[in-house]
Number of protein chains: 4
Amino acid sequence: MAPSAKKGVLERLDAGEIVIGDGGFVFALEKRGYVKAGPWTPEAAAEHPEAVRQLHREFLRAGANVMQTFTFYASDDKLENRGNKLTFTGAQINEAACDLAREVANEGDGLVAGGVSQTPSYLSCKSEIDVKAIFKKQLDVFIKKNVDFLIAEYFEHVEEAEWAVQVLKETGKPVAASLCIGPQGDLHGVSPGECAVRLVKAGAQIVGINCHFDPMTCVKTVKMMKDGVEKAGLKAHYMVQPLAYHTPDCGCQGFIDLPEFPFALEPRILSRWDMHKYAREAYNAGIRFIGGCCGFEPYHIRAVAEELAPERGFLPAASEKHGNWGAGLEMHTKPWVRARARRDYWENLKPASGRPLCPSMSAPDSWGVTKGHTELMQQKEATTQDQLKVLFDKSKSH
Amino acid sequence: MAPSAKKGVLERLDAGEIVIGDGGFVFALEKRGYVKAGPWTPEAAAEHPEAVRQLHREFLRAGANVMQTFTFYASDDKLENRGNKLTFTGAQINEAACDLAREVANEGDGLVAGGVSQTPSYLSCKSEIDVKAIFKKQLDVFIKKNVDFLIAEYFEHVEEAEWAVQVLKETGKPVAASLCIGPQGDLHGVSPGECAVRLVKAGAQIVGINCHFDPMTCVKTVKMMKDGVEKAGLKAHYMVQPLAYHTPDCGCQGFIDLPEFPFALEPRILSRWDMHKYAREAYNAGIRFIGGCCGFEPYHIRAVAEELAPERGFLPAASEKHGNWGAGLEMHTKPWVRARARRDYWENLKPASGRPLCPSMSAPDSWGVTKGHTELMQQKEATTQDQLKVLFDKSKSH
Amino acid sequence: MAPSAKKGVLERLDAGEIVIGDGGFVFALEKRGYVKAGPWTPEAAAEHPEAVRQLHREFLRAGANVMQTFTFYASDDKLENRGNKLTFTGAQINEAACDLAREVANEGDGLVAGGVSQTPSYLSCKSEIDVKAIFKKQLDVFIKKNVDFLIAEYFEHVEEAEWAVQVLKETGKPVAASLCIGPQGDLHGVSPGECAVRLVKAGAQIVGINCHFDPMTCVKTVKMMKDGVEKAGLKAHYMVQPLAYHTPDCGCQGFIDLPEFPFALEPRILSRWDMHKYAREAYNAGIRFIGGCCGFEPYHIRAVAEELAPERGFLPAASEKHGNWGAGLEMHTKPWVRARARRDYWENLKPASGRPLCPSMSAPDSWGVTKGHTELMQQKEATTQDQLKVLFDKSKSH
Amino acid sequence: MAPSAKKGVLERLDAGEIVIGDGGFVFALEKRGYVKAGPWTPEAAAEHPEAVRQLHREFLRAGANVMQTFTFYASDDKLENRGNKLTFTGAQINEAACDLAREVANEGDGLVAGGVSQTPSYLSCKSEIDVKAIFKKQLDVFIKKNVDFLIAEYFEHVEEAEWAVQVLKETGKPVAASLCIGPQGDLHGVSPGECAVRLVKAGAQIVGINCHFDPMTCVKTVKMMKDGVEKAGLKAHYMVQPLAYHTPDCGCQGFIDLPEFPFALEPRILSRWDMHKYAREAYNAGIRFIGGCCGFEPYHIRAVAEELAPERGFLPAASEKHGNWGAGLEMHTKPWVRARARRDYWENLKPASGRPLCPSMSAPDSWGVTKGHTELMQQKEATTQDQLKVLFDKSKSH
């Protein structure tokens, strides 16, 4: 694979350009039938490439500048984990994912970002050397495939993220580091500001937040990171790739704790108008790498790109199928729907759920276990019925 | 195109088999960036065939037996309508849609259904002859491409649906007829029972409901149709292809009147567990052609197929990426999420919206205009700013 | 007790005057600590007269023209019923209630209405003679105390209400009859229109609805009664005394079936602004006897009187402590609260519940038992633990 | 008036006894028609003594040990304020209030507490001397009438509360001090812990929180005060008298900022079961003076007394009209309501609002003005229409 002749991610950010990320592949492909919730592993990159390619294309068309390799949880320890019998090796999956991302990136102004994420090995208290070896294996593929930059994302513990950054840094490629934490900090209580400082010191040029919380909460947390970095006299670029779900009711562990996770989150999905507000808020906070994570569909990224079109100077390709702020409705059959073809209508609407027997917020599960607790030791075998029974009983007593 | 060697739709239904429909293309492709809300026309069949093909495949994989040609609103009068400048002729779009549906149908146990829907000509009070000529033009393509059966769907007025059935009937192919009405009947007040009798008398072998209302409301309306048909001493098969949105607050015109239509319906999206209930309810009501319309994504159809797996005797292909009733969560990293890997958890959960500033129901717009009112005369030109201003003002006073 | 020299209720209604009723005593006094929920008997009239007198006064001051004797469920069969050991005889309670109502009525423009309501005897399938004898006993007190008119209220079965009217009619005093039913009709399925006709034919000069449903639903039901009476070529006056609770989710049996009844209805309490809308709607429907039932506090009746002040020509006494449509807020300490001193603020406000973990509607209990079912046979002894266990188990399985 | 022979408040608290406060008079009497919202002044003590006496009795009967004199906002500067033309002097109102509280206290185990609250003079930036003189005038009456102890309550600024405590302290009577602040501290940002320390140092033997926030929030804030006092090596007793409204959506200024204040708070009213949880939580937090403020009706205080009956050793008088945890329903007519006669039913119920068009939370007004801002200068004259117009416009732009 030839290196990209395009401007790199750091050149863009240094020049003050906006870099738009893509959306969350595991959730989108789960709904399309190619990813299994629970293991959340990305074997579809090798198994059903046409589905992964199509999703990349939709995000590119929606305005994304970054094609993240579909390699979430594609570390060997995770792929082997918990009874998930795969017919592909980790290397095969990672290679296929790189090829798909590159193929679509070449169709437009896209960069390929190779991604690593937190490992079962860390949660199971393996050593720094063991955990770093896991990252190194994925990285070998990314280097062979010559990705444009690297992202260490979805880390709940800053310590593991630092280890990842240290490994990625050795490649000489730009490194972004993104934690899945909220304003309360990482799962061991390290504040967002301190997390950011540690990641920058470890070598990350871009730091930020992805997943676990809704857009406004993530932007707020990145602001805390920025404050920390600036107070420490350091410099960085900032990124944010939040959920496309409303999570005002979450605790420190985010949407994983919500009783609706992962199969009943529908009423929380953000509308495109929520995304306009998010994009503007993120931009105003000084964040320039703005994308999405679980729940983001192509139309959510398009809304981000449309909100930031004045700054970027152009609309994404998919906007040919969208009027700004609902203007396409001018051509609707019914006159009262045409009456909705205006910004102030959609900007001020408070959408109903059509679920009068449901509450508006949830009481999250709060088991409060994290790395170091026996409940979190990961195993290769599927959970047994006896193990499940203990969990079911514990859950009912809540 | 060779005729399908598969069992036809009527053979299946006569044998008591379940026929699973696909989901709603215009809404799904709008979110993926290929359809424009407002005109809702299907030019993507010719313009972006890879996107349409992929969606067909996902529905096939999810368990659908019917590939509906992506020809909604593909009548020439609609395609020309309201400033929607297209680079493809109606014939090109209809042909491309037939080819895509056939290609994917051939990859599995799928039948191709050619679909026509209500026309601007009828709303604008054109004559029966004019309206029938519109249907005839689409039909010529369906015959050339040798679709397996025909569906006249999304009609608000039973009179226009009868005209469509009469035209379709001449082909000798099986004809299904599906209205987008609720328990209150069609927009001129004809009851569901009487509508069904008129459609059967016009020649439809399958009658039912699609779009505009949520699954339970649609099943209820089909039951009323069935009662009417049986009381009249007639016979028919029944179909239902509802919205994937909760609409307890709708009036006779369904979700078009909801203030959230079409860009803020997210909080209303049904979960897969809602779909289990729907599929069972539809089956228990004696309906055997069970599918979806706007809002249905592949995972919704998969849930229908999973609920009805005991009756059908097999699971859909996409279930390899899904454990029954959340069983895939047995392999989740967090123990409290593994504790959700059971039916009674998901079946009884009342999902929160995460939107504490939003209501649970809406007061629908109720302009109460329908065929015969001047507000509904359709025009080819885009709505002018002056025309819009009148609508905006009328809307604000509500 | 001397007869009232005031204009009688029929004279007022014949003259087109508005007669404002009072609110619900059992619910208001339960909250003040003088009535026990469950038995709901009115022994406080004899036991704690100062509390009953004060509540009468508050309603008079709020604008009520009718002081209903606090004799709900004061029939001997009810007072003896279900383990409710009383130290007062039925006659003592009824007499004390008459005296209190008269005392306060004399302080202003109030009329005294003696009230009877449905009996355990009827529910237990006693004969017409037995049930009528029960009414007769209460009536003897009302005649002795010379009340101004009579109300047969809170009947779920029109048959029992007819019997009551027939007994009351013999006194020669004006008779009002009020059912606690909704648009679906009485518990044996008799429609509101037919119920009204039967009550008028039995001799009632005023017919209507009280309790069990929210104001708008009650007004709607009275309209159906009015339609029935008019279609039958009869004449009557109309009354409405609804709940002060929102009940959009009720079945035919009203708020009794709501899971919140009777101890968690707080989030459903109507605001004074809801009452303005109710009073106007009732007036527009041609109803002239407009009051309240369970949940109505004095400020709710005041709101009714304030809304109808233009028609009545005066404000109630308690309005000296209330500015119209919130005008009293002009004197609030905080400027942003002064900014709420206007009608359009309160009229359009959608009040939040502050309960984000609660739904907006409930699924009512629907045991569907009524007169004639063994579950409804009334007994004098308290329910035993064994009897309760059966009920608890039945309830949990819902 | 003879001094009370009963055990004083400090003796009780020193002995570890629970002291139950009463509920909120201005809100309860506003609903009964005797207090005007806006000015919120207590002239009813002199004008309608029977209404005030009855409310005192209901709280006594519900289990209250403290009869607070109905002297909220009865300082001369407030009584003269904002166009509120009164026919009674401040001294007359304060004296009448003392007499009523004493009369009812003598009917049971009640103590009389004389209360002062924040003044318009402080908000208008008058001097310490001026403000203290205001308190002194009310205090003269309390001393003449020989109240049992004193409460300085409803202060938003700890500085003014300290001044009040200093004045009250000179009498030699026990002094309680209660702020209307939340966890964010007073309106000038002083933390609850520091506020408490300052009040104890000023001489208060009992410190705590009343009004402005819901029970759980108030308990949480008192805990912060207790922490502060203990860390400072000081000693105090603690009191809490919260709202009976749910306020999860409030900012630092509490329910005043909610758009529903004060005329549409109904959906937020706590049920009796909410009060059980509150009483237990307050007790567990080490608070021993437990009462209520705005929104508390007698049945709310009864619920507090019933929850704490095991600790106190007795039930309140009004429990004769109440079965524990709904047990009175054993005698209800309908069997499915008898099925609700149990603790686990009511404890776990999530009550619906019956308001499907309303949200569950509100966005509070946040004008952010406090002492020192010109908008808060208080005036004697009624707000003019011109002044109101400015406020209305400012409000609409929010």
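In the annotation of an unreviewed UniProt entry, the entry for chain A reads Betaine-homocysteine methyltransferase, and the organism field reads Myripristis murdjan. Entered under Function (unreviewed entry) in the UniProt record, the comment concerning chain A runs "Involved in the regulation of homocysteine metabolism." In UniProt, chain A has this text filed under Subunit (unreviewed entry): "Homotetramer."

Q: Even after reading the chapter, I still don't get the sheet that holds strand β3 (residues 111-117) of chain D, so can you show me in this structure?
A: In a beta sheet, neighbouring strands pair by backbone hydrogen bonds and run either parallel or antiparallel. All names here are of chain D. Reading across the sheet, the 8 strands line up as β1-β8-β7-β6-β5-β4-β3-β2 and stay open at both edges, with parallel pairing between neighbours. Each edge of the open sheet carries a strand with a single partner, namely β1 (19-20) and β2 (66-68). Sheet analysis places β2 next to β3, joined by 3 bridges and oriented parallel. Looking at β3, one finds that Gln68 is bridged to Ala113.

Q: In this structure, what is going on with unusual backbone geometry? I would like to understand it.
A: A negative phi angle characterises most non-glycine residues, just as the trans form characterises most peptide bonds. Residue A:Pro262 follows A:Phe261 across a cis peptide bond; omega there is -5°. Relative to the elements of secondary structure, A:Pro262 occurs in the loop between β7 (237-241) and α12 (272-284). Positive phi values are uncommon outside glycine, yet B:Tyr154 reaches one of about 60°.

Q: Can you help me understand the interface of chain B and chain A in this one?
A: How big an interface is tends to be expressed through the accessible area that disappears when the partners come together. Listed by partner, the interface residues are 103 residues for chain B and 103 residues for chain A. Note on chain B versus chain A: buried area summed over both sides is about 9400 Å², and carbon and sulfur give 56% of it. Joining chain B to chain A, the criterion identifies 14 salt bridges. Our count for the chain B to chain A interface comes out at 47 residue pairs in polar contact (both at pLDDT 80 or more). Listing elements by their share of the side of chain B that touches chain A, those giving two or more residues are α2 (25-32), α4 (49-62), α12 (272-284), α13 (298-307), α15 (335-338), α16 (343-348) and α17 (385-396) of chain B. Residues that form the side of chain B that touches chain A fall into these classes: 47 nonpolar, 23 polar and 33 charged.

Q: Can you walk me through the pairing of strand β5 (residues 175-179) of chain D in this structure?
A: Consecutive side chains of a regular strand alternate in pointing toward one face of the sheet and then the other. Residue and element names in this part refer to chain D. Counting buried positions along β5 yields 5 of 5 residues, so the element is predominantly enclosed. Residues Val175, Ala177 and Leu179 of β5 are buried on one face, and the alternating residues Ala176 and Ser178, pointing to the opposite face, are buried as well. With 5 bridges connecting them, strand β4 (residues 149-155) and β5 associate as parallel partners. Bridge pairing links Phe155 to Leu179 in β5. Handedness of the β-α-β unit built from β4, helix α9 (residues 158-169) and β5 comes out right-handed. Chirality of the crossover, the property in question, places the unit of β5, helix α10 (residues 192-202) and strand β6 (residues 206-210) among those that are right-handed.

Q: Hey, could you run me through the relation of the copies chain B and chain A in this one?
A: Superposition of the two copies of the chain requires a rotation about an axis together with a shift along that axis. Taken as rigid bodies, chain B and chain A are interconverted by a rotation of 180° and an axial shift of 0.0 Å, the fit giving an RMSD of 0.0 Å. Within this description, the copies of the chain are treated as partners about a two-fold rotation axis. The C-alpha atom lying nearest the rotation axis in chain B is that of B:Pro267; the distance is 1.9 Å. By residue overlap, the copies meet face to face through one surface: 100% of the interface positions of chain B are interface positions in chain A.

Q: Is there a simple way to think about the environment of C:Gly23 in this case?
A: All names here are of chain C. Take Gly23: it is sitting in the loop between β1 (19-20) and α2 (25-32). The class of Gly23 is buried, set by a relative accessible area of 8%. Note: C-alpha distance between Gly23 and Cys293 (270 residues apart in sequence) is 5.0 Å. Discounting residues that sit within four places of it in the chain, Gly23 has contacts with Phe59, Gly292, Cys293, Phe296 and Ile301.

Q: Honestly, the UniProt feature "binding site: Zn(2+)" (unreviewed entry) in chain A in this entry has me stumped. Any pointers?
A: All names here are of chain A. Mapped onto the present numbering, the UniProt feature "binding site: Zn(2+)" (unreviewed entry) falls on Cys211, Cys293 and Cys294. A maximum C-alpha distance of 6.4 Å is found for the annotated residues, which run over 84 residues; spatially they form one tight group. Along the chain, Cys293 turns up in the loop between β8 (289-290) and α13 (298-307). You can call Cys293 buried: its relative accessible area is 11%.

Q: Help me understand the sheet that holds strand β6 (residues 206-210) of chain A in this model?
A: All names here are of chain A. Within the open sheet, the 8 strands sit side by side as β1-β8-β7-β6-β5-β4-β3-β2. Their pairing is parallel. In this open sheet, the two edge strands, each paired with only one partner strand, are β1 (19-20) and β2 (66-68). Each of β3 (111-117) and β4 (149-155) is contacted by helix α8 (residues 128-144), which is oriented at about 165° to β3, the strand it contacts most.

Q: Mind showing me how you'd approach the side chain of C:Glu58 here?
A: Mapped onto the secondary structure, C:Glu58 falls in helix α4 (residues 49-62). C:Glu58 sits in the buried class, given a relative accessible area of 0%. Excluding residues that lie within four positions of it along the chain, C:Glu58 makes contacts with C:Arg32, C:Pro298, D:Arg32 and D:Tyr34.

Q: Where do I start with the packing of helix α9 (residues 158-169) of chain B against helix α10 (residues 192-202) of chain B in this structure?
A: The geometry of a pair of packed helices is captured by two quantities: the angle between their axes and the separation between those axes. All names here are of chain B. Relative orientation of the contacting elements α9 and α10 amounts to 20°, with a least axis distance of 9 Å. Here α9 is positioned roughly parallel relative to α10, judged by the angle of their axes. For α9 against α10, the interelement crossing comes out right-handed. Taking contact as the criterion, the partners of Val158, Glu159, Ala161, Glu162, Val165, Gln166 and Lys169 in α9 are, on α10, Cys195, Arg198, Leu199 and Ala202. Looking at the contact of α9 with α10 residue by residue, the classes come out as 6 nonpolar, 1 polar and 4 charged.

Q: I keep staring at helix α13 (residues 298-307) of chain C and nothing clicks. Help me out?
A: Along an α-helix, residues three or four apart share an orientation, since each turn contains 3.6 residues. For α13(C), the buried fraction is high: 10 of the 10 residues fall into the buried class. Turning to α13(C), its buried residues number three or more, namely C:Pro298, C:Tyr299, C:His300, C:Ile301, C:Arg302, C:Ala303, C:Val304, C:Ala305, C:Glu306 and C:Glu307.

Q: Can you help me understand the nonpolar core in this one?
A: Soluble globular proteins tend to pack their nonpolar side chains together in the buried interior. By size, the foremost hydrophobic cluster in this structure holds 243 residues, and its most contacted members are A:Phe70, A:Leu179, A:Phe255, B:Phe70, B:Leu179 and B:Phe255. Looking at which element gives the most residues to this core, the answer is helix α6 (residues 90-105) of chain A, with 8 residues. If sequence neighbours within four positions are ignored, A:Leu179 has contacts with A:Phe155, A:Val158, A:Ala161, A:Cys195, A:Leu199, A:Gly208, A:Ile209, A:Asn210 and A:Met225. In this structure, C:Ala62, C:Val369, D:Ala97 and D:Phe135 belong to the second largest nonpolar core, which totals 241 residues.

Q: I keep staring at the pattern of salt bridges and nothing clicks. Help me out?
A: Pairs can form between side chains of opposite charge whenever their charged atoms are close. Per the counting criterion, the structure on display carries 127 salt bridges over all chains. Linking D:Arg272 and C:Glu30 is a salt bridge whose minimum nitrogen-to-oxygen distance equals 2.8 Å. Here D:Arg272 is found in helix α12 (residues 272-284), whereas its partner C:Glu30 is found in helix α2 on a different chain. With relative accessibility at 2%, the residue D:Arg272 sits in the buried group. A salt bridge links C:Glu260 to C:Arg268; the nearest nitrogen and oxygen atoms lie 3.3 Å apart. The residues C:Glu260 and C:Arg268 share a single accessibility class, namely buried. Where salt bridges share partners, they join A:Arg53, A:Arg57, A:Glu103 and A:Glu107 into one cluster.

Criteria and cut-off values
Residues numbered from 1 in each chain as written. Chains lettered and ligands numbered in written order. Predicted model: local features only at pLDDT ≥ 70, side-chain atom pairs only at ≥ 80, totals over all residues. Heavy atoms only, no water. UniProt positions renumbered as here; feature names shortened; annotations may be inferred. Pairing = 2+ DSSP bridges. Helix = DSSP H or I, 4+ residues; strand = E, 2+ residues; numbered from the N terminus. Contact = heavy atoms within 4.5 Å. Buried area = accessible area lost by both parts, 1.4 Å probe. Salt bridge = Lys/Arg side-chain N within 4 Å of Asp/Glu carboxyl O. Polar contact = N/O pair within 3.5 Å; in protein donor to acceptor, adjacent residues only side chain to side chain. Nonpolar A, V, L, I, M, F, W, Y, C, P; charged D, E, K, R; others polar. Buried < 20%, exposed > 50% of the residue type's maximum accessible area, 1.4 Å probe, protein only. Right-handed = clockwise from strand over helix to strand, strands pointing away. Least-squares fit on C-alpha atoms with pLDDT ≥ 70 in both. Axes fitted to C-alpha atoms, helices over the stretch in contact; angles between N-to-C directions. Parallel < 35°, antiparallel > 145°, perpendicular 65-115°, else oblique. Left-handed = near helix turned anticlockwise from the far one by under 90°. Core = buried A, V, L, I, M, F, W, Y, C linked by side-chain atoms within 4.5 Å.

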